[in-house]
Each structure stands twice: as structure tokens, then as C-alpha cells.
Amino acid sequence: MVQALMANSSWGMVGLRLLTRFGAGILVMVGLWLGTVTPAQAVTLPSPTMVAYLPPGNAITDGRALLRYSLPIDNDDIRSVQETLEGLSEWLRSKRWGPITKDLNKVERLLNRKRETILADIPDGKRAAAVSYLDDIQAQLPSAREAVDLRDRETVWIKRSAMLNDVSRIEELMVAGFPFDIPEEYSHLPQLKGRATVEFTTNKGTMQAVIDGFSAPVTGGNFVDLVQRGFYDGMEFTRAEDNYVLQTGDPDGPEEGFIDPKTKAYRAIPLEILVKGDEAPIYGATLEELGRFLEAPVLPFSAFGTLGMARPNTDPDGGSSQFFFFLFEPELTPAGLNLLDGRYAVFGYVVENKELLDKLTQGDRIESARVIAGADNLVQPT
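How each quantity is defined
- Residues numbered from 1 in each chain as written.
- Predicted model: local features only at pLDDT ≥ 70, side-chain atom pairs only at ≥ 80, totals over all residues.
- Heavy atoms only, no water.
- Salt bridge = Lys/Arg side-chain N within 4 Å of Asp/Glu carboxyl O.
- Helix = DSSP H or I, 4+ residues; strand = E, 2+ residues; numbered from the N terminus.
- Buried < 20%, exposed > 50% of the residue type's maximum accessible area, 1.4 Å probe, protein only.
- Pairing = 2+ DSSP bridges.
- Axes fitted to C-alpha atoms, helices over the stretch in contact; angles between N-to-C directions.
- Contact = heavy atoms within 4.5 Å.
- Parallel < 35°, antiparallel > 145°, perpendicular 65-115°, else oblique.
- Left-handed = near helix turned anticlockwise from the far one by under 90°.
- Nonpolar A, V, L, I, M, F, W, Y, C, P; charged D, E, K, R; others polar.
- Core = buried A, V, L, I, M, F, W, Y, C linked by side-chain atoms within 4.5 Å.
- Expected span 1.5 Å × (residues − 1).
- Phe/Tyr/Trp six-rings, centres within 6.5 Å; stacked < 30°, edge-to-face > 60°.
- Lys NZ or Arg CZ within 6 Å of the ring centre and 35° of its normal.
- Patch = residues over 30% accessible without salt bridge, like charges linked within 9 Å, V, L, I, M, F, W, Y side chains within 5 Å.
- Areas by Shrake-Rupley, 256 points an atom, 1.4 Å probe, with all protein chains shown as cover.
- Lys, Arg positive; Asp, Glu negative; His and termini not counted.
- Charge placed at Lys NZ, Arg CZ, Asp CG, Glu CD.
- 1 Å grid on protein atoms, 1.4 Å probe; cavity = no way out; pocket = protein on both sides within 12 Å on 5 of 7 lines; lining within 4 Å.
- Points joined across faces, edges and corners; volume = space filled by probe spheres on them.

Engineer: I tried to follow the pattern of salt bridges on my own but got confused; where do I start?
Structural biologist: Opposite charge on two side chains makes pairing possible when the charged atoms of those side chains draw close. Within the structure shown, the criterion is met by 19 salt bridges. In this structure, the salt-bridge partner of E108 is R145, at a minimum N-O distance of 2.5 Å. You can see E108 sitting in helix 5 (residues 97-113) and its partner R145 sitting in helix 7 (residues 127-149), a full 37 residues away along the chain. The partly exposed category is assigned to E108, whose relative accessible area is 30%. Of the charged contacts, one joins R370 and D233 as a salt bridge, the two residues approaching to 2.8 Å between their closest N and O atoms. Of the two residues, R370 is situated in strand 15 (residues 365-373) and D233 in the loop between helix 9 (217-229) and strand 5 (235-241); the sequence distance between them amounts to 137 residues. Residue R370 is classed as partly exposed on the basis of its relative accessible area, which comes to 41%. Salt bridges sharing common partners tie together D225, R229, D260 and R267.

Structure (C-alpha cells):
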């Protein structure tokens with residue numbers, strides 16, 4: 001049986017709280033709850049168009065950008081380079097070439113003036129690599145400007161992506177150890193102390209996802225452990241809703257999750273959410289239950305291809321092996337506060353060939369899932 005994504009009983013309260021906070025602007029949306037239930041879905045789901053309340057602002061909708069921002073580092077100068085390059089996307093969409101040139105010049109100034117303060121946060125043994133990445137960014141700026149002069153948007157996109165990849169590598173070099181202690185009560189579970197990249201080979205193609213143990217070490221550790229066990233190999237997608245979710249992880253037989261061969265017991269994973277500004281994740285309760293339902297998780301459901309942990313609707317700590325790819329496309333709407341945020345754990349994002357998710361449906365399958373990077377960050381219980 002497919003585990004539920006969300007509990008029907010609390011949706012009304014969420015709607016009322018949002019209505020109280022944001023006023024009549026959400027009134028029409030509150031009335032659009034979808035009321036159908038199928039045998040494979042134990043609870044009522046909201047309509048896919050109801051996934052987000054839409055206040056003003058710009059949500060980050062790129063998984064790679066969200067992974068960059070979620071790194072536990074504190075270097076304002078490399079963040080400024082990152083934010084400037086990220087911001088080029090808005091100008092590229094509207095073909096505003098003047099601001100693009102201005103921002104590329106800003107990046108060059110930052111790299112020239114702040115190089116040493118950027119490198120100051122790089123450990124000595126990794127400094128040479130960081131210098132190489134900084135040099136590479138600077139080397140690409142002239143050709144990016146040339147592409148702007150030629151109004152060659154595709155080339156600017158490619159250059160922007162390459163420079164942001166270098167920024168990611170620099171920021172990853174800045175991470176100094178694991179940022180917090182995981183509660184002892186979860187020491188019996190695998191933990192991901194860093195990041196890992198997983199490649200999914202499906203019957204319709206291949207895609208890659210980055211699993212973020214810095215923000216969700218228990219959820220990510222469980223997932224990477226199951227991937228390494230071959231648990232998902234040959235497994236079908238059991239639920240598919242256009243522009244909403246694609247779910248898998250339900251094994252054959254009566255069990256709804258992973259049965260640990262050592263303990264012969266269901267491996268239950270706690271709900272795990274790291275909130276912006278907090279030093280460590282919250283476990284075992286939704287942000288709504290804690291009265292923090294409008295606070296922002298470090299890993300939000302704002303990108304197409306978000307990996308979320310499914311769980312029974314009545315048990316925040318009842319997840320195990322079932323997970324889903326979030327398919328809602330935020331860029332088709334104004335920015336929003338996603339109502340899945342704070343209620344379900346996010347543990348990564350698809351970063352390569354996420355377009356494949358539009359082709360997959362119920363009955364398609366994962367032929368294999370493999371850890372292709374970061375396997376050494378998985379810590380098994382002793």
C-alpha cells in the first residue's frame with residue numbers, strides 16, 4: 001500500500017491560519033481542496049494547483065541553487081559572487097542585456113578585490129584547488145561579455161552555469177566538518193555526514209540527484225544506505241500525478257517500508273527538518289505542530305525534482321523507504337510558501353536531466369540506483 005503524503009485532518013487548520021495571516025487574497029484558493037480518495041491513497045489530497053500559497057517575492061526554484069545556499073558556510077564574499085551570478089537568470093529571461101553586463105562587471109570586481117577574503121576560509125590543503133576555480137571564473141568573464149554583446153542568450157546561460165559550478169566547488173571546499181550533533185536516539189540509523197550523488201537509471205532514461213546530509217543526515221543516510229543495498233533496483237513507480245508527485249519505494253508484499261535484515265524490524269525514519277536560522281534539524285514534529293508552520297526550511301519544496309520522504313498520514317516518524325519526486329513547477333506561478341514545507345522532509349534535488357520526470361508515470365520503474373559520488377560520507381551505525 002502506498003504511504004500517504006499528507007494528512008487530511010490538518011489541511012483545514014492550515015488554510016484557516018493562512019487566511020488569518022494573509023487575508024482575503026487566499027480565500028478563493030482555500031475553497032479548491034480536492035475531495036476524491038482512491039484505494040491507493042489513504043487520504044484526501046489537495047489539488048495540485050493548491051500546492052502553494054502565493055505571497056509576493058521570488059522563490060528559488062533551481063535545485064542546484066538551493067543546494068548552494070544550504071551549505072553550512074559563512075563567507076559573505078563568495079555568497080555575493082553566487083547571488084550575482086544566480087540573478088543573471090532574471091535578466092536573461094527578460095533579455096535585459098545592460099543589467100547582465102553590469103552584474104558580470106560586479107563579479108569581476110568582487111573576484112579582484114575579495115579574492116584573499118574568499119581564500120581565507122579555504123583550508124590550506126585545498127587552497128590550490130580553490131585558486132584554480134577562481135581563476136576559471138575570471139577566465140570565463142570575457143567570453144560571457146562577448147556573448148552579451150552578440151545577444152547570444154544560450155552562450156550566456158552556459159557560461160553562467162559553468163561559473164556557478166565553480167562557485168559550488170569553492171563553497172564546498174569551505175565546509176569545515178559536520179555542522180551539528182545528531183541526537184543519540186538516532187545512532188542506530190545510517191547517517192549521511194555530507195553529500196552524495198545518486199544516479200537513477202529508469203526504463204525511460206537516466207537522471208542524477210544530490211542528497212544533502214548537511215541538512216537531512218538521517219533521512220539522507222537512510223536513502224543512500226537503501227540505494228547501496230540495491231533496494232530500489234527494479235522498483236516501479238506506484239503513484240504518479242501530473243504536475244504534483246511521482247512516488248516509489250513500496251516493496252512487494254505486505255510491508256510498506258524497509259525491513260532491516262539484522263533486526264527483522266521495520267526501519268522507521270523520523271521527520272527531519274532544518275529551519276533557516278536553526279543550528280540543527282527538528283525531529284519528530286511538523287513545523288505546524290510546533291507553531292512554526294510559516295518558517296522556511298533550508299531545503300524547501302520549491303524546485304521541480306525535489307526529493308521528499310513519504311510517511312503515514314498519522315505518524316511523522318513512520319517513514320521508511322517510500323519517497324517522491326515533487327513535480328510542481330513553481331516558475332509557472334508567482335513565488336510562494338509551499339504548504340508541503342515543514343510537513344515532509346526534503347533530502348535532495350534532481351540536478352541532471354530532471355526533464356525525465358515529465359516522461360515517467362505509474363508503472364515505469366527504476367532499473368537501478370547507484371551512488372556515484374560521496375559514498376564515503378555515509379556513516380553506518382556501530
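After presenting the structure, the write-up continues.
Engineer: Sorry, what's going on with the sheet that holds strand 6 (residues 245-248) here?
Structural biologist: Strands pair in a sheet through their backbones, by hydrogen bonds, and they do so in one of two ways: parallel or antiparallel. What the 8 strands build is a closed barrel, ordered 3-4-14-11-12-6-5-15; its pairing is antiparallel. The mean angle between the axes of side-by-side strands here comes to 35°, regardless of whether they run parallel or antiparallel. The pairing of strand 4 (residues 205-212) with strand 14 (residues 346-352) spans 4 bridges and is classified as antiparallel. Looking across to strand 14, one finds that Q208 is bridged to E352. Of the strands in this sheet, strand 3 (195-202), strand 4, strand 11 (306-309), strand 12 (323-326), strand 14 and strand 15 touch helix 9, which is tilted by about 110° from strand 15.

Engineer: It is not clear to me how the environment of G284 should be interpreted in this structure. Could you clarify?
Structural biologist: By the element assignment, G284 lies in the loop between strand 10 (282-283) and strand 11. G284 sits 33 residues away from D317 along the chain, and the two C-alpha atoms are 5.8 Å apart. Residues within four places of G284 in sequence aside, it is in contact with L271, P316 and D317.

Engineer: Can you walk me through the side chain of D166 in this structure?
Structural biologist: Residue placement: D166 occurs in helix 8 (residues 153-174). Judged by relative accessible area, which is 3%, D166 ranks as buried. Once you skip the residues sitting within four places of it in the chain, D166 turns out to touch Y133, D136, I137 and Q140.

Engineer: What exactly am I supposed to notice about the packing of helix 5 against helix 7 here?
Structural biologist: Angle between the axes and distance between the axes are the two parameters that describe a pair of packed helices. Packing of helix 5 against helix 7 leaves a shortest axis separation of 10 Å and a crossing angle of 160°. Considering the angle they form, helix 5 stands roughly antiparallel to helix 7. The handedness of the crossing between helix 5 and helix 7 comes out as left-handed. Counted together, W97, I100, T101, L104, N105, V107, E108, L111 and N112 of helix 5 and L134, I137, Q138, L141, A144, R145 and V148 of helix 7 form the full contact between these two elements. In terms of residue class, the contact of helix 5 with helix 7 is made up of 10 nonpolar, 4 polar and 2 charged.

Engineer: Can you help me understand the nonpolar core in this one?
Structural biologist: In globular proteins that are soluble, nonpolar side chains generally tend to be buried together. Core analysis: the largest hydrophobic core is formed by 45 residues, its most contacted members being F200, F223, Y232, L307, F323, F325 and L357. Sorting elements by how many residues they give to this core places helix 9 first, with 5 residues. Discounting residues that sit within four places of it in the chain, F325 has contacts with F200, M207, F237, Y244, V245, L246, T306, L307, V350 and L357. Counting 33 residues, the second-largest nonpolar core is a separate cluster that includes I78, L85, L110 and L173.

Engineer: Any chance you could explain unusual backbone geometry here in plain terms?
Structural biologist: Trans is the common state for peptide bonds, and a negative phi is the common state for residues other than glycine. Even without a glycine there, the phi angle at N243 is positive, about 60°. In this structure, N243 sits in the loop between strand 5 and strand 6.

Engineer: Help me understand helix 7 in this model?
Structural biologist: Spanning 23 residues, helix 7 covers 34 Å between terminal C-alpha atoms, matching the ideal 33 Å at 1.5 Å per step. Where helix 7 is concerned, the buried positions are A130, L134, I137, Q140, L141, A144, R145, A147 and V148. The elements touched by buried residues of helix 7 are helix 5, helix 6 (115-119) and helix 8. Downstream of helix 7 by one or two residues, R151 has phi in the positive range, about 55°.

Engineer: Which parts of the structure should I look at to understand the packing of aromatic side chains?
Structural biologist: The description of an aromatic ring pair uses the distance of the two centres, along with the angle that the planes make with each other. Counting across every chain of the model gives 18 aromatic pairs. Ring plane angle 45° and centroid distance 6.2 Å describe the contact between F200 and F223, whose orientation is recorded as tilted. Placement of F200 in strand 3 and of F223 in helix 9 is noted, with a sequence separation of 23 residues between them. Grouping residues by exposure puts F200 and F223 together as buried. Taken together, F200, F223, F231, Y232, F237, F258, F323, F325 and F347 form an aromatic cluster joined through their ring pairs. The cationic tip of K193 hangs over the ring face of F178; the distance from NZ or CZ to the ring centre is 5.3 Å.

Engineer: Hey, could you run me through a positive patch on the surface in this one?
Structural biologist: Judged by side-chain charge, K102, K106, R109, R113 and K114 come together as a positively charged surface patch. By relative accessible area, which is 61% here, K102 ends up exposed.

Engineer: Got a minute to help me understand the layout of surface pockets in this structure?
Structural biologist: Quantified by volume, the second largest pocket comes out at close to 640 Å³. If you go around the second largest pocket, you meet 25 residues; those closest to its centre are S168, E172, R195, T197 and V210. Elements represented by at least two residues in the lining of the second largest pocket include exactly helix 3 (63-69), helix 8, strand 3, strand 4 and strand 14. Among the elements that make up the lining of the second largest pocket, the one with the highest residue count is helix 8 (5 residues). Grouping the constituent residues of the lining of the second largest pocket by class yields 9 nonpolar, 8 polar and 8 charged.

None of the figures reported here should be taken as evidence of function without further support.
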